[in-house]
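Read off the chains here:
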Amino acid sequence: WSTRAEVKLSNLKQYDDAKNVRRMLKTIDAREEAAWDKLFETRMQAKIDKLAQFQKESKARHEEKMSAIKWKELRKREKEQYISDTSVANKKRDMTHFMMLDAKMKPELTVHPSALLKKRANYNRNASKLRGEQLLDKVKGKKEGDAVFIESLCNIHKFGDKTLSGTTRYEDKLKWSEYKSGQEYFD
């Protein structure tokens, strides 16, 4: 593209001056384009830096929130674990204490037992002696009066038709009728 000055100089047959104007404009254009490119790069870099700073701050806020949630849940689990452990320990201590007292109780050979041997109405639900059974029922999810069947640990694992090498089922291996009720193996 030609400038107006070049066209006018060409019309006046001043070709050398038109050529000089062209060179001068090329050098000016190159400097202006370089300055504009530098300004553009500076602005783009400023936007990139601003975005990077925003993302860094956003990530820090996110990490802070996640850390707060993590610690909250950790404390909650620790509290629940402490309550559960304390409950089990207290029930175990209560149960062993009652069993010790029960073992020391003298037997009564009477038709009408004394108040020490009579079972109260809610004995099965809240007796200290039965804490182990109560805990087991609670773990199994059994409510009072329900019957709960829990498979043995061996039966829980389903391997399909495949059996692992070197494994046998206890029920297949042990035939009580062949071992005369098996009592000699447990003595």
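Residues numbered from 1 in each chain as written. Predicted model: local features only at pLDDT ≥ 70, side-chain atom pairs only at ≥ 80, totals over all residues. Heavy atoms only, no water.

Q: Give me the overall build of the protein chain: which residues, what numbers.
A: Counting its regular elements, the protein chain contains seven helices and zero strands. Counting every position in the protein chain, which comprises 187 residues, the buried fraction comes to 7%. Within the protein chain, contacts between residues separated by at least 24 positions form 27% of all contacts whose residues are at least 6 apart in sequence. Working note: accessible area of the protein chain is about 17600 Å², and carbon and sulfur atoms make up 58% of it. (Helix = DSSP H or I, 4+ residues; strand = E, 2+ residues; numbered from the N terminus. Buried < 20%, exposed > 50% of the residue type's maximum accessible area, 1.4 Å probe, protein only. Contact = heavy atoms within 4.5 Å. Areas by Shrake-Rupley, 256 points an atom, 1.4 Å probe, with all protein chains shown as cover.)

Q: Go over the packing of aromatic side chains, please, and point to the residues and values.
A: Scanning all chains against the criterion turns up one aromatic pair. The interplanar angle of 10° and the centroid separation of 5.4 Å between the aromatic rings of Trp36 and Phe40 together place this pair among those described as stacked. One end of the pair, Trp36, and the other, Phe40, are both in helix 2 (residues 15–104), four residues apart, so they sit about a helical turn from each other. Phe40 gets classed as partly exposed once you look at its relative accessible area, which sits at 38%. (Phe/Tyr/Trp six-rings, centres within 6.5 Å; stacked < 30°, edge-to-face > 60°.)

Q: I'd like to hear about a negative patch on the surface, residue by residue, with values.
A: A cluster of acidic side chains, namely Glu32, Glu33, Asp37 and Glu41, defines a negative patch on the protein surface. Relative to the assigned elements, Glu32 resides in helix 2. Assessed through its relative accessible area of 51%, Glu32 is described here as exposed. (Patch = residues over 30% accessible without salt bridge, like charges linked within 9 Å, V, L, I, M, F, W, Y side chains within 5 Å. Salt bridge = Lys/Arg side-chain N within 4 Å of Asp/Glu carboxyl O. Lys, Arg positive; Asp, Glu negative; His and termini not counted. Charge placed at Lys NZ, Arg CZ, Asp CG, Glu CD.)

Q: Quick one: what's the story with the pattern of salt bridges, residue by residue and with numbers?
A: Tallying each qualifying case throughout the model produces one salt bridge. A salt bridge links Arg75 to Glu78; the nearest nitrogen and oxygen atoms lie 3.0 Å apart. Taken together, the residues span about one helical turn, with Arg75 and Glu78 both in helix 2 at a distance of three residues. Classification of Glu78 as partly exposed rests on a relative accessible area of 41%.

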